[in-house]
Amino acid sequence: MYSKAEATQLRQAFWTTFGQYMAPVPSAEGWPTNWINYKTGLKHVYFRMQADNRRASIGIELTHPDAGVRELFFEQFLELKTMLHETLGEPWRWELHATDANGLPLSRIYTEMQPVNLFNRNDWPTLISFFKPRLVALDEFWNGAQYAFEELRDS
């Protein structure tokens, strides 16, 4: 078991390492990208990566505070489900009603891997191999799909 400080330090070290590993990888448009804090350009639409001592996950999180608007975003993603899964090369889980770590409502589209342990440096290559192709594929998907959300942009 790690102290809180050790866990924080290992977590930061992993994400720094991952960010450095991804830094030379250009976006689908050929631009440098901050892969760790990927900007979708849409408020309340995030690409999230998470890892702990049991699992790792990557997904799209819809966090709009209005449940109706959140559902509209989710339905728009459903319209693009085939395109998303083809770009990812695998099906992901779809949850209209979920909650985040703080109990706040959200919708998400995600996949996860387990068992894997962020706090075990030997698992880092596995984590990087899990996150990298999926994050690059999400960027490729979003490069074309973001325009389908124009009508929801100001929601």
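A brief report on the enclosed structure follows. (Residues numbered from 1 in each chain as written. Predicted model: local features only at pLDDT ≥ 70, side-chain atom pairs only at ≥ 80, totals over all residues. Heavy atoms only, no water.)

1. A few points about the sheet that holds strand β2 (residues 56–62)
One open sheet accounts for four strands, arranged β1-β2-β4-β3; its pairing is antiparallel. Edge strands, defined here as strands with exactly one partner in the open sheet, are β1 (45–51) and β3 (93–99). Across the sheet, the mean angle from the axis of one strand to that of its neighbour is 30 degrees, orientation sign disregarded. Pairing geometry for β1 and β2, over seven bridges, is antiparallel. Residue pairing for β2: Arg-48 is matched across the bridge by Gly-59. (Pairing = 2+ DSSP bridges. Helix = DSSP H or I, 4+ residues; strand = E, 2+ residues; numbered from the N terminus. Axes fitted to C-alpha atoms, helices over the stretch in contact; angles between N-to-C directions.)

2. Concerning the pattern of salt bridges
Per the counting criterion, the structure on display carries five salt bridges. Of the charged contacts, one joins Arg-108 and Glu-95 as a salt bridge, the two residues approaching to 3.0 Å between their closest N and O atoms. One end of the pair, Arg-108, is in strand β4 (residues 105–113); the other, Glu-95, is in strand β3, and 13 residues separate them in sequence. One connected set of salt bridges, linked through shared partners, spans Arg-55, Arg-93 and Glu-112. (Salt bridge = Lys/Arg side-chain N within 4 Å of Asp/Glu carboxyl O.)

3. With respect to the environment of Glu-86
Mapping Glu-86 onto the fold places it in helix α3 (residues 81–88). In this structure Glu-86 comes out as exposed when scored by relative accessible area, which is 63%. Along the backbone, Glu-86 and Glu-150 are 64 residues apart, and their C-alpha atoms lie at a distance of 22 Å. (Buried < 20%, exposed > 50% of the residue type's maximum accessible area, 1.4 Å probe, protein only.)

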